[in-house]
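Working through the structure, step by step
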Amino acid sequence: MALKDYLKISEEVCTALNEGKPVVALESTIISHGMPYPRNLDTAFLLEDTVRKNNAVPATIALINGIIKVGLDKSDIEYLASSKNVLKASRRDLPVVVSKKLSAATTVSATMICASLASLKIFATGGIGGVHRGASKTYDVSTDLTELSKTNIAVVSAGVKSILDIGLTLEYLETLGVPVIGYRTDEFPAFFTRESGFRVNYRIDSTAEIADVINTKWEMGLNGGILIANPVPEESSMDSKEIQTAINSALKNADEKGIKGKEITPFLLSAINDLTEGKSLESNIKLVTNNAKLASEIAQKL
Ligand code: PSU
Ligand code: MN
């Protein structure tokens, strides 16, 4: 088998690429493992619509029966949103999922790889994975970070959640040589809130200038991504005490239940949603949509 046998780029995305139109990649783990049904389904479509409204073409990515699909059909998205046993694929899972012809949602790392196979340049998500709290004991560091050090895709996110150790995540990104750009912010955002207490590498207020940095990085042969941190809109941000309390109790709950490895992030997201009675989900939907919009604007200028 050759790559072309299992990489399928949708007609819409293919046409856009041929015509040099901007394309924005979107991940699918957020659909299958990041939000409850049916809001995940609405959100997946909302994100695609947002990209289209902002004059770019969306390419939601997942693996369906061993095929890497860049640009999904409506039925693929419905399946990813409603099925209970979709796998969660990161870098390490890709060869197995393809060989065994399985179906899987792609995390940030896997989405970056698939997007790069399709020659895309930019990707919008909610939050990336990072260094977990207590990582000095557990070694739990998301492969999203190492992916950002080698695959040439710019990633727009609302920072990282404080289910992670935000300070260590930023240190690790520095070690890996990943630029962290704050869009109209000096502070690295903490997903549900606009502040984290940590600064970004550089603040840039214009999308054209961000596109310039991205192009320059690759022109210089510096492989890897760029993390663009876009704070949640003010009106959708959460009360920092409330979200901190929910996160702490979700972490405690995960610890008591012995949840580890790839299960921990989905477990925490769902626990936080329950603990905030759905408020965190609303904030989550708004911030991802906001990221899809910014990624579309940067994509025009790449
Ligand atoms: N953080 C979120 N929402 C998410 C994820 C992270 O706020 O949906 C997902 C992303 O797909 C990310 C993955 O790539 O979790 C990271 O998983 P892990 O921590 O197992 O590396
Ligand atoms: Mn992990």
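Quick look at the structure, then. (Residues numbered from 1 in each chain as written. Chains lettered and ligands numbered in written order. Predicted model: local features only at pLDDT ≥ 70, side-chain atom pairs only at ≥ 80, totals over all residues. Heavy atoms only, no water.)

**Focus: the site of ligand 1**
- Near ligand 1, the surroundings consist of 14 residues, among which Glu27, Ser142, Asp144, Lys161 and Thr265 are the closest.
- At a separation of 2.7 Å, an oxygen atom of ligand 1 approaches a polar side-chain atom of Glu27.
- At 2.7 Å from an oxygen atom of ligand 1 is found a side-chain nitrogen or oxygen belonging to Ser142.
- Contact with the protein chains removes 94% of the 460 Å² of surface that ligand 1 exposes when unbound.
- In this structure, ligand 1 is accommodated by the largest pocket.
- Contributions of two or more residues to the shell around ligand 1 are made by α3 (29-32) and α13 (264-275).
- Of the residues in the shell around ligand 1, the class split is four nonpolar, six polar and four charged. (Near = heavy atom within 4 Å. Polar contact = N/O pair within 3.5 Å; in protein donor to acceptor, adjacent residues only side chain to side chain. Areas by Shrake-Rupley, 256 points an atom, 1.4 Å probe, with all protein chains shown as cover. 1 Å grid on protein atoms, 1.4 Å probe; cavity = no way out; pocket = protein on both sides within 12 Å on 5 of 7 lines; lining within 4 Å. Sits in = over half its atoms within 2 Å of the grid points. Helix = DSSP H or I, 4+ residues; strand = E, 2+ residues; numbered from the N terminus. Nonpolar A, V, L, I, M, F, W, Y, C, P; charged D, E, K, R; others polar.)

**Some points on the layout of surface pockets**
- Counted as a void, the largest pocket has a volume near 680 Å³.
- Contributing elements (two or more residues each) for the lining of the largest pocket: α3, α9 (143-150) and α13.
- In terms of residues, the lining of the largest pocket owes the most to one element, α13, which gives four residues.
- Looking at side-chain class alone, the lining of the largest pocket contains 11 nonpolar, 16 polar and eight charged residues.
- Of the voids in this model, the second largest pocket is the one considered here, and its volume is about 570 Å³.
- Taken together, 28 residues make up the lining of the second largest pocket; nearest its centre are Ser32, His33, Gly34, Met35 and Pro266.
- Contributions of two or more residues to the lining of the second largest pocket are made by α5 (74-82), β5 (87-89), α13 and α14 (279-301).
- The leading source of residues in the lining of the second largest pocket is α13, at six residues. (Points joined across faces, edges and corners; volume = space filled by probe spheres on them.)

**Section: empty space enclosed by the protein**
- Inspection of the entire model under this criterion finds one cavity of 30 Å³ or more.
- For the largest cavity, the calculated volume is near 30 Å³.
- In terms of lining residues, the largest cavity is bounded by Ile30, Ile31, Met35, Asn40, Thr43, Ala44 and Leu47.
- Every element with two or more residues in the lining of the largest cavity is listed here: α3 and α4 (39-53).
- In terms of residue count, α4 provides more of the lining of the largest cavity than any other element does, four residues in total.

**So, the pattern of salt bridges**
- Tallying each qualifying case throughout the model produces 18 salt bridges.
- Residue Glu19 is joined to Lys21 by a salt bridge in which the shortest nitrogen-to-oxygen separation is 2.9 Å.
- Lys293 is paired through a salt bridge with Glu297; the nearest N and O atoms lie 3.2 Å apart. Here the residue Lys293 and the residue Glu297 both occupy positions in helix α14, the gap between them amounting to four residues, near one helical turn.
- Owing to a relative accessible area of 37%, Lys293 belongs among the partly exposed residues under this scheme.
- One network of salt bridges, with partners in common, ties together Glu12, Asp49 and Arg52. (Salt bridge = Lys/Arg side-chain N within 4 Å of Asp/Glu carboxyl O. Buried < 20%, exposed > 50% of the residue type's maximum accessible area, 1.4 Å probe, protein only.)

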